[in-house]
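# A closer look at the structure
Here is how the chains run, residue by residue.
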Amino acid sequence: MLGLGTSSAVSSNAAVTSSIVSKGHPLQSVTCTTSSAFRPATACPLHQLSAATSHNLNSLRVKAMAETVSTLKMEPKSTLSGKKQALISLSDKKDLSLLGVGLQELGFTIVSTGGTASSLEGSGVAVTKVEELTQFPEMLDGRVKTLHPNVHGGILARRDQEHHMEALNNHGIGTFDVVVVNLYPFYEKVSAYTGISFEDGIENIDIGGPAMIRAAAKNHQDVLVVVDSSDYPELLEYLNEGRDDEQFRRRLAWKAFQHVASYDSAVSEWLWKQTEGDKFPPSLTVPLSLKSSLRYGENPHQKAAFYVDKSLAEVNAGGIATSVQHHGKEMSYNNYLDADAAWNCVCEFSKPTCVVVKHTNPCGVASRDDIIEAYRLAVNADPVSAFGGIVAFNVEVDEALAKDIREFRSPTDGETRMFYEIVVAPNYTKKGLEVLRGKSKTLRILEASKNIKGKLSLRQVGGGWLAQDADDLTPEDINFNIVSEKAPLENELNDAQFAWLCVKHVKSNAIVIAKNNCMLGMGSGQPNRLESLRIAMKKAGDELKGAALASDAFFPFAWNDAVEEACKSGIGFIAEPGGSIRDADAIDCCNKYGVSLAFTNIRHFRH
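The protein goes by Bifunctional purine biosynthesis protein PurH-like in an unreviewed UniProt entry, where it is assigned to Salvia divinorum. If you open the UniProt record of the protein and go to Sequence similarities (unreviewed entry), you find "Belongs to the PurH family."

In structure tokens form, the structure reads like this:
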């Protein structure tokens, strides 16, 4: 669970009401009201009656209190002291029969609620219904079932505190040794495709369940609390062997609190969307679920693990975290980073496209109607970097494409078969998957869903987190404002748009040179833009003549710098955000060399 929040303090003197109701006087109560800091004190209804009537009512109330207390002391319910009790209340009844039968065979008396009790009885398990224990019926459409001292007293009482046990005995309350509870399916309900009304969402917020779980987890030294059906076998084994394992109890308690915390985070997230709806709330909790432990992190000396974001916003939202691995070695820390970069990039393109990534940077990108041609062009952009890289496609991998991936030789020597760490695509044909599996035992084959737009991006810094919108803009969302004397041809504008879409995925300072929907060269991660330009031009070679160039940010200098070098090399079209105090120099330079220049007014820094 990742919790992010701004601090705030609110104090209030809330109204406090206490009522004691006796069997003989069902309508009698004593009500005390204190004033709130935010509203005037509310007078008791007695002020509306005559003094005599008020006196009589007060006398009756006092008498009722005395009789109630006397009844509790003189006629205690049969205590269950010395008997083992388990409380079971489940929404998800998976393996309930296994649990119930197992506990019964171990001599436990089982107390249960509603549908759980019926299911247990159907399995031949004897059940005491919770209303028999509380002597109070379920009420308020099920909102109140277990919120009762006979339940919570039995859970929270410390066995090593004499006065706790004496209090239970005085009130005829037995102890619970095991509490097994899971919660209303709020997460599943509010994230369903069909949607849910606000009223139904509210009714799916569990109240009694979290209260019992938290109570049992707090008192875990005396109560075993279970929220996950996968723990039933170990629980039964623990009880059967009569073990005394404090670590086991603490682990179950941790799991219980984590279960409730994740549940509450979903409720909080959903309610925020129903109210303010702002993407950046004053407090943010991100529930994370361990997907796998990794061999190591970025380097062998660093321990690592991979967690899946269980926020409601991520339900059916796509992404590499929810991909299915069909084949190959287990994913590593760096594999996830590279696969994410490749998948995010390839999903930007509408035409059949292949992207090759190395160290999170796209070193080859190509779009073609023929996906095999696109694959070969993407590799050819930088075959040295492509070797050992990640290959991503935005179309299905069929048998023909799979064969080419398996057999394609490196353009550097025409002999070495290309090696890849990962292939990722939206889906595979049965034959395509079979062929790819034959390429290598270690090749990781991933099937992923496209990320939806509008996601929140989180990034950690020392002691905090940065949150921002995802960089979802595409060429269709912006204007390429031509500021040069020379207007580009349609194919040149298409090349510039393609380069612009690529450059947003390259680490800054970033330059991409492209032509005919194919990346020819890119420069990434250099402290100055001129060096990135020179790297990109070197990779593009002679093909850069007439090609388009995209820069992730403006050029601070033009003359005797990056803009003029690009113009002299033969670049035909430059697309950059603009915004420099020397933009006029860039325009003049392009006009001098007859190069088209467009300002996009959109920057694409990537750090």
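Moving on to the pairing of strand β22 (residues 573–576). Side-chain alternation along β22 places Phe-573 and Ala-575 on one buried face and Ile-574 and Glu-576 on a second face that is also buried. Taken together, the three bridges between strand β21 (residues 548–551) and β22 define a ladder with parallel strand orientation. Bridging from a neighbouring strand, Ala-550 pairs with Ala-575 of β22. On the question of chirality, the crossover connecting β21 to the parallel β22 by way of helix α19 (residues 562–569) is right-handed. Two elements, β22 and strand β23 (residues 596–599), share four bridges in a ladder whose sense is parallel.

Pairing within the open sheet is mixed, and its six strands lie in the order β18-β23-β22-β21-β19-β20. Each of the sheet's edge strands pairs with one partner strand only, and the pair in question is β18 (481–482) and β20 (519–523). Two strands pair when backbone bridges link them, and strand β19 (residues 511–514) and β21 are joined in this way by four bridges, in the antiparallel orientation. The residue bridging Ile-511 from the neighbouring strand is Ser-551, located in β21. Packed onto the sheet, helix α18 (residues 529–540) meets β19, β20 and β21 and runs at close to 150° relative to β20.

The subject of this paragraph is helix α10 (residues 232–241). Within α10, burial applies to Tyr-232, Leu-235, Leu-236 and Tyr-238. Down the axis of α10, the buried set is contained in an arc of 160°. They therefore lie on one face. The secondary structure elements touched by the buried residues of α10 are α2 (96–105), β5 (178–181), β6 (224–226) and α11 (246–274). One or two residues past the end of α10 sits Gly-242, with phi positive at roughly 65°.

Within the fold, Glu-421 resides in strand β14 (residues 420–425). Counting along the chain gives 92 residues from Glu-421 to Lys-329, while the straight-line C-alpha distance between them is 9.2 Å. If we skip the residues at most four places from it in the chain, Glu-421 touches Asn-335, Gly-388, Gly-389, Ile-390, Thr-442, Leu-443 and Arg-444. A distance of 2.7 Å separates a polar atom in the side chain of Glu-421 from a polar atom in the side chain of Arg-444.

Time to look at a negative patch on the surface. There is a patch of like negative charges on the surface, built from Glu-121, Glu-131, Glu-132 and Glu-138. Turning to its location among the elements, Glu-138 is positioned in the loop between α4 (130–134) and α5 (149–156).

Let's shift gears to the confidence of the model for the protein. Here the protein shows a mean pLDDT of 84. Residues at 70 or above account for 86%. Below a pLDDT of 50 lies the segment residues 6–80, which in the model reaches 65 contacts outside its immediate sequence neighbourhood of four places, other chains included.

The next subject is the packing of helix α13 (residues 371–381) against helix α15 (residues 399–407). Two elements in contact, α13 and α15, have axes separated by 10 Å at closest approach and are oriented at 20°. One element, α13, and the other, α15, form an angle in the roughly parallel class. Crossing geometry of α13 relative to α15 is assigned as right-handed. Contacts between α13 and α15 involve Ile-371, Ile-372, Tyr-375 and Arg-376 from the first element and Ala-400, Leu-401, Asp-404 and Ile-405 from the second. In terms of residue class, the contact of α13 with α15 is made up of six nonpolar, no polar and two charged.

As defined by bridge partners, strand β16 (residues 456–461) adjoins strand β17 (residues 464–469) across six bridges and the pair is classed as antiparallel. Its bridge partner lying in β17, Gln-460 is registered against Trp-465. Joining the antiparallel neighbours β16 and β17 is a turn of two residues, in which Gly-463 adopts a positive phi near 80°.

Conventions adopted
- Residues numbered from 1 in each chain as written.
- Predicted model: local features only at pLDDT ≥ 70, side-chain atom pairs only at ≥ 80, totals over all residues.
- Heavy atoms only, no water.
- UniProt positions renumbered as here; feature names shortened; annotations may be inferred.
- Buried < 20%, exposed > 50% of the residue type's maximum accessible area, 1.4 Å probe, protein only.
- Helix = DSSP H or I, 4+ residues; strand = E, 2+ residues; numbered from the N terminus.
- Pairing = 2+ DSSP bridges.
- Right-handed = clockwise from strand over helix to strand, strands pointing away.
- Contact = heavy atoms within 4.5 Å.
- Axes fitted to C-alpha atoms, helices over the stretch in contact; angles between N-to-C directions.
- Arc of directions from axis to C-beta.
- Polar contact = N/O pair within 3.5 Å; in protein donor to acceptor, adjacent residues only side chain to side chain.
- Patch = residues over 30% accessible without salt bridge, like charges linked within 9 Å, V, L, I, M, F, W, Y side chains within 5 Å.
- Areas by Shrake-Rupley, 256 points an atom, 1.4 Å probe, with all protein chains shown as cover.
- Salt bridge = Lys/Arg side-chain N within 4 Å of Asp/Glu carboxyl O.
- Lys, Arg positive; Asp, Glu negative; His and termini not counted.
- Charge placed at Lys NZ, Arg CZ, Asp CG, Glu CD.
- pLDDT = per-residue confidence, 0-100.
- Parallel < 35°, antiparallel > 145°, perpendicular 65-115°, else oblique.
- Left-handed = near helix turned anticlockwise from the far one by under 90°.
- Nonpolar A, V, L, I, M, F, W, Y, C, P; charged D, E, K, R; others polar.

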